[in-house]
Amino acid sequence: MLSVDDIKTKPIPAHVAIIMDGNGRWAQKQGKDRIYGHHQGAESVRNVLETCGEIGVKYLTVYAFSTENWKRDAQEVEALMSLFIHFCHAEQDNILANNIKVQAIGDIGRLNEECQQGLYQLIEKTKNNTALTFVIAISYGSRWEISRAARLIAEKAKNNQLNVSDIDEDVFSKYLQTKQLGIPDPDLLIRTSNEYRLSNYLLWQLAYTELYFTDVLWPDFTKEELLKAIDDFQHRTRRFGKTNEQIEEKLK
Ligand code: IPE
Ligand code: IPE
Ligand code: MG
């Protein structure tokens, strides 16, 4: 069994992003309501957050609710929002005690008042914390984020505050929410529940991220599962388009 100490002997991914999937199937497998699965899923978030703190991960971004998830039954959406509000209140002390800074990406304006309040309160109270940044992607969709960036850029160009010929990858990325909040691109992406897709998550930012898929359903994703994913990451070679020889030369 892997331990935190084993993992700490090798480079730790600075930013881990997770698509927390499989809550509904987990619950249905035991004849329970999907909502029950979401409640258990919140426990996994707690565990993963704690383990990331122990290991020294600097950023953890979790996909809590996508722009497409608004299409689910109103009852499920409402239950997810209530659970989120509860999470914000219940975890506040723990988050503060562990020096965790909370940030959020997504179309936050679509959330109900209470959700927005819970979220902004957590962000405000933790803004000076420095150990780990916990990014909640809620009402988030990458295509929404990218079109928003394009809109902001067009507006600037229209007002002569930006030259069209100056728009390059660096300039463009500055208008993405992640860059605006100072969040680097993820090093490792984990998706649970045996699904092999990105579901509109961080499409720009994941360009060179290492991908890890597991059939474990999110409520069963324990500390050990996270260590397994990081151990797997630690055995990869990231070339960023270069050759192995070039990478080895740089390490000398
Ligand atoms: C992930 O679990 C949580 C959210 C998308 C909010 P799901 O609710 O997608 O669970 P499955 O995929 O239906 O099992
Ligand atoms: C992705 O899971 C969104 C979140 C985990 C919040 P989904 O369950 O919504 O994704 P699809 O629909 O199976 O691709
Ligand atoms: Mg799902």
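Remember, predicted model here, so these are calculated numbers, not experimental data. Positions within a chain are numbered from 1, following the residues in the order the chain's sequence is written. For this description, chains carry letters from A and ligands carry numbers from 1, given in the order in which they are written. Two thresholds apply to this predicted model, a pLDDT of at least 70 for residue-level local features and 80 or more for giving and counting side-chain atom pairs, whereas whole-chain, interface and lining totals are computed over all residues. Note that the side-chain values use all heavy atoms of the structure and ignore hydrogens as well as water.

Enquirer: It is not clear to me how the nonpolar core should be interpreted in this structure. Could you clarify?
Expert: One broad rule of soluble globular proteins: the nonpolar side chains tend to lie buried together. Take the buried residues of types Ala, Val, Leu, Ile, Met, Phe, Trp, Tyr and Cys, join any two whose side-chain atoms come within 4.5 Å, and each joined set is a nonpolar core. Buried means the residue's accessible area, taken with a 1.4 Å probe over protein chains only, is under 20% of the maximum for its type, while exposed means over 50%, and partly exposed covers the values in between. Ranked by size, the top nonpolar core spans 47 residues in total, and within it Leu60, Phe134 and Ile190 carry the most contacts. Secondary structure follows DSSP: runs of H or I at least 4 residues long count as helices, runs of E at least 2 residues long count as strands, and numbering of each begins at the N terminus. For this core, the leading source of residues is helix H4 (residues 74–97), giving nine residues. Formed by 13 residues, the second largest nonpolar core is a distinct cluster that contains Tyr59, Val135, Tyr201 and Leu202.

Enquirer: What is the right way to look at the pattern of salt bridges in this model?
Expert: Pairs may arise between side chains of opposite charge once their charged atoms sit close together. Between Lys or Arg on one side and Asp or Glu on the other, a salt bridge is scored when a side-chain nitrogen of the former is within 4 Å of a carboxyl oxygen of the latter. For the coordinates displayed, the defined rule picks out 17 salt bridges. Residue glutamate 76 is joined to arginine 72 by a salt bridge in which the shortest nitrogen-to-oxygen separation is 2.8 Å. Among the residues examined, glutamate 76 registers a relative accessible area of 9% and is labelled buried. Overall, arginine 72 belongs to the partly exposed group, its relative accessible area being 34%.

Enquirer: Got a minute to help me understand the site of ligand 2 in this structure?
Expert: Nearness of a residue to a molecule or strand requires only that one of the residue's heavy atoms be within 4 Å of it. Within the structure, ligand 2 sits among Ile19, Met20, Asp21, Tyr63, Ala64, Phe65, Ser66, Asn69, Arg72, Arg191, Arg197 and Ser199. Definition of a polar contact: a pair of N or O atoms within 3.5 Å, with one able to donate and the other able to accept a hydrogen when the atoms are protein atoms, and with sequence-neighbouring residues admitted only if both atoms are side-chain atoms. The contact in question runs from an oxygen atom of ligand 2 to an N or O atom on the side chain of arginine 191, over 3.4 Å. Using a 1 Å grid laid over the protein atoms alone, points where a 1.4 Å probe fits but cannot get out form a cavity; open sets with protein on both sides within 12 Å along at least 5 of 7 lines form a pocket; any residue with an atom within 4 Å of a point counts as lining. Those molecules having more than half of their atoms within 2 Å of a cavity or pocket grid point set are described as sitting in that cavity or pocket. A molecule is said to occupy a pocket when more than half its atoms come within 2 Å of that pocket's grid points, and by this definition ligand 2 occupies the largest pocket. Considering each element in turn, the shell around ligand 2 owes the most residues, four residues, to strand E2 (residues 59–66).

Enquirer: What is the right way to read unusual backbone geometry from this model?
Expert: A negative phi holds for most residues other than glycine; trans holds for most peptide bonds. Phi at leucine 202 is positive, roughly 45°, even though this residue is not glycine. Within the fold, leucine 202 resides in the loop between strand E5 (188–191) and strand E6 (210–213). A positive phi angle, near 50°, is found at phenylalanine 240, a position not held by glycine.

Enquirer: Before we go on, may I ask you to explain the site of ligand 1 in this structure?
Expert: Taken together, 13 residues lie around ligand 1, and Asp21, Gly24, Arg25, Arg34 and Arg72 are the ones closest in. The contact in question runs from an oxygen atom of ligand 1 to an N or O atom on the backbone of glycine 22, over 3.4 Å. Contacts to ligand 1 include asparagine 23, whose backbone N or O atom sits 3.2 Å from an oxygen atom. To measure how exposed things are, a 1.4 Å probe is used in the Shrake-Rupley method; for residues, cover is taken only from the protein chains shown. The protein chains hide 87% of the 370 Å² of surface that ligand 1 would expose on its own. The site holding ligand 1 turns out to be the largest pocket. For the shell around ligand 1, the secondary-structure elements that each account for two or more residues are helix H2 (23–29), helix H3 (34–55) and H4. Take the shell around ligand 1: its biggest share by element is three residues, from H2. Split into classes, the residues belonging to the shell around ligand 1 amount to three nonpolar, five polar and five charged. Polarity classes work like this: nonpolar for Ala, Val, Leu, Ile, Met, Phe, Trp, Tyr, Cys and Pro, charged for Asp, Glu, Lys and Arg, and polar for all others, with Gly in that last group.

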